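Notes for the structure review
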Amino acid sequence: MSHADLSSNASRLRPSACPGLLRIVPALDGGICRVKLARGELSAARTLAIADAIDEHACGIVDITNRANLQLRGVKRGHEEPLIAALLRAGLGPSGPQDATHAFADDVRNLMVSPTAGRDAGALIDTSPLADDILTRLQSDKRFAALSPKFALLLDGGERLAMLDHPHDIWFSAMRDPKRDDVLFAFGLAGCPPVAEKHAGAIAAVAASNVAALTHALVHTFLDLAAPEHTRMRDLLAVHSVERVLAHVESKMGIALARDVSIERWRRAPADPSLRLGAHRQHDERRSHVGGQPVLGRMDSATLRGLARLVADNDGATLRMTPWQGVLLTDIDTTKVAPTLQALDALGLACDAHNPLTRVIACAGSAGCAKSLADTKADASKLAAWLPADAQVHLSGCPRSCAAAHRAPYTLLAVAPGRYDLYRTRDPRDPTGFGHCLARGLTIDEAAGMLNHAALPSIPSFDEPSDA
Ligand code: SF4
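As the structure is a prediction and not an experimental result, all values here were calculated from the model.

**Remarks on the sheet that holds strand E1 (residues 25–27)**
Within the open sheet, the five strands sit side by side as E1-E2-E5-E4-E13. Their pairing is antiparallel. Sheet topology places E1 and strand E13 (298–300) at the edges, where each strand pairs with a single neighbour. Taken over all neighbouring pairs, the strand axes of this sheet differ in orientation by 35° on average, direction set aside. Pairing of strand E4 (residues 61–64) with E13 involves three bridges; the strand directions are antiparallel. Paired with isoleucine 61 across the two strands is aspartate 300, which belongs to E13. Docked against the sheet, helix H2 (residues 44–57) engages E4, strand E5 (70–75) and E13, running at close to 20° with respect to E5.

Pasting the structure below:
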């Protein structure tokens, strides 16, 4: 099949608004092409290929997404097919034959792992081989073409650096087998690994050797039981009990899943997102991972080339995207940490949490998205200059919250150009949405003033008298 046929097949058979590598969707600033990265990883050669592709076929910038993928923006009209061809030539497309189902194999590549998978000193298991196995199975089963491009999975190896607050249709999280010295994977549906007592516990656990087969069986079970209008696991669970879903899975696999109170009560150790920035020792003490944050998660082709150079210059290093819209270089020899940090700084990446640019995120905003009521990127840059220490803020052009799948402590939701409602929450999984509204229609100056207010917790909520 030609690249044009693949692309039109993707758009015709799945009328989705979600961009993909083979489905470039229009936006205000040109087309958007999303490149899904296996385990968030990019080789030096592929990083250079993307840099060349965005210079030639787009406006020269990429955004890192909250699922550690890349979004190429500003694809020029008439350049869609050559861009797709360049990305496929670089090996950035899905695996398998380029036939009519190729586009769907791209859509199902929604498996997130920790950016420090295989390197994290606190992990219970290296999830990398298992992640590759699951990705291969997802891409090779043509029935999975029926899944929504948003259907998403998490494979958590117990790393200290992990994004745990994004809801997933299916999540797996490594846990110590309470009965023997081994690792099991607890799992759940339509949610996140439990960290606090109030979180819903795992529904069962499975040996690591059965995780890939269980994933396969769970996705088939979803497709067996879901009505056409059910696109996500939460839709299925609204009409079928967890017991019903598990019974279906067990009969498919011919095994009984481990279910007992110790699994239900199990809680994952809290993660430490601060490890996404700066240098930290890996499990191999002679090596470190080094992380940095491009301004508002956006990089140009020169930055990509600089990162590719760092990977090439550091033997064994890998480049990984993070769900905090940052980058991480792994396997940096400890003696090379200081020059690597300097190089990231020279590329414009913030590596220190004291830098306010590491604590503000924003969606594409009105410069790129017709739904946005404000220029969130420009306003976020302005706000960063006045951001108080420790404040983390998300600016969203509309309630869809493209820049964050979790809830930031503070959200500025655009209501008009340069005007925002300010929300606060203390729960990154807040079921009420952005949290309590503190004030409406603020300018960026006014929002900065409120965020800097020494007694911010005592500011009356717009919706509620207190946040307690
Ligand atoms: S959050 Fe809304 S305004 Fe921002 S990019 Fe997404 S759809 Fe557009």
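Let's pick the thread back up.
**Observations regarding the domain arrangement of the protein chain**
What the domain assignment reports for the protein chain is domain 1 (1–104), domain 2 (124–157 + 164–270), domain 3 (273–355) and domain 4 (359–458). Summarising the inter-unit geometry, the C-alpha centres of domain 1 and domain 2 are found 28 Å apart. Interface of domain 1 and domain 2: buried area, both sides summed, is about 1100 Å²; carbon and sulfur atoms make up 49% of it. One can count one salt bridge joining domain 1 with domain 2.

**A word on the site of the ligand**
Neighbouring the ligand are the residues Cys363, Ala364, Cys369, Lys371, Ser372, Ser396, Gly397, Cys398, Arg400, Ser401 and Cys402. When grouped by side-chain class, the residues that make up the shell around the ligand number five nonpolar, four polar and two charged.

**Brief notes about the nonpolar core**
Counting residues in hydrophobic clusters, the biggest one holds 43 residues, and the most contacted among them are Ile50, Leu70, Leu72, Leu87, Leu92, Met299 and Met321. Looking at which domains feed residues into this core, each of domain 1 (1–104) and domain 3 (273–355) supplies at least three. Not counting residues up to four positions away in its chain, the partners in contact with methionine 321 are Leu37, Gly40, Leu42, Ile64, Ala68, Leu70, Pro115, Met299, Gly326 and Val327. Val113, Leu130, Ala174 and Leu223 belong to the second largest nonpolar core, which has 41 residues in total.

**Digging into the side chain of glutamine 282**
Mapped onto the secondary structure, glutamine 282 falls in the loop between strand E11 (278–281) and strand E12 (287–292). Within polar-contact distance, the side chain of glutamine 282 engages the backbone nitrogen of aspartate 331 at 2.6 Å. Residue contacts for glutamine 282: discarding those within four places in its chain leaves Arg119, Ala121, Arg287, Ser288, His289, Thr330 and Asp331.

**Here we look at the side chain of histidine 230**
Topologically, histidine 230 is positioned in the loop between helix H6 (211–225) and helix H7 (233–237). What makes histidine 230 buried here is its relative accessible area of 14%. With residues up to four places along the chain from it excluded, the contact list for histidine 230 reads Phe222, Asp235, Leu236 and Val239.

**Things to note about the pattern of salt bridges**
Within the structure shown, the criterion is met by 24 salt bridges. Residues joined by salt bridges that share partners form a network here, namely Arg39, Glu41, Asp132 and Arg320.

**A few points about the packing of H6 against helix H8 (residues 242–253)**
Interaxial distance between H6 and H8 falls to 9 Å at its minimum, and their mutual angle equals 125°. One finds that H6 runs oblique with respect to H8. Considering how the two elements wind past one another, H6 and H8 form a crossing that is right-handed. Contacts from Ala213, Leu214, Ala217, Leu218, His220, Thr221, Asp224 and Leu225 in H6 reach Arg244, Val245, His248, Val249, Lys252 and Met253 in H8. A breakdown of the residues in the contact of H6 with H8 according to their chemical character gives eight nonpolar, three polar and three charged.

The rules behind the values
Residue indices begin from 1 for each chain and proceed along its sequence in written order. For this predicted model, a pLDDT threshold of at least 70 governs which residues receive local features, and a threshold of 80 or more governs which side-chain atom pairs are given and counted, while totals over whole chains, interfaces and linings are taken from all residues. Hydrogens are left out, water is left out, and the side-chain values use all remaining heavy atoms of the structure. One bridge is not enough; two strands pair if DSSP finds at least two bridges between them. We count a stretch as a helix when DSSP gives it H or I for four or more residues in a row; a strand needs E for two or more, and each element gets its number in order from the N terminus. Lines are fitted to the C-alpha atoms to define the axes, a helix being fitted only along its stretch in contact, and any angle between axes, read from their N-to-C directions, falls within 0 to 180 degrees. Residue contacts are defined here by distance: any two heavy atoms, one from each residue, within 4.5 Å place the two residues in contact. What marks off one domain from the next here is an automatic or database domain assignment. Accessible-area loss on putting two parts together, using a 1.4 Å probe and summing over both, is the definition of buried area adopted here. Counted as salt bridges are all cases of a side-chain nitrogen of Lys or Arg within 4 Å of a carboxyl oxygen of Asp or Glu. Definition of nearness: a residue and a molecule or strand are near each other if at least one heavy atom of the residue lies within 4 Å of the molecule or strand. The nonpolar class holds Ala, Val, Leu, Ile, Met, Phe, Trp, Tyr, Cys and Pro. Asp, Glu, Lys and Arg form the charged class, and all remaining residues, Gly among them, are polar. The set of buried Ala, Val, Leu, Ile, Met, Phe, Trp, Tyr and Cys residues whose side-chain atoms join them within 4.5 Å is what this entry labels a nonpolar core. Accessibility here uses a 1.4 Å probe with only protein chains present; expressed as a share of the type maximum, an area under 20% marks a residue as buried, one over 50% as exposed, and anything in between as partly exposed. N or O atoms closer than or at 3.5 Å make up a polar contact, with two conditions inside protein: a donor-capable atom paired with an acceptor-capable one, and, for residues adjacent in sequence, both atoms drawn from side chains. Should an angle fall under 35 degrees it is taken as roughly parallel, and over 145 as roughly antiparallel, whereas 65 to 115 is taken as roughly perpendicular and any remaining angle as oblique. Crossing chirality is assigned from the near helix's rotation relative to the far helix, an anticlockwise turn below a right angle marking it left-handed and a clockwise turn marking it right-handed.

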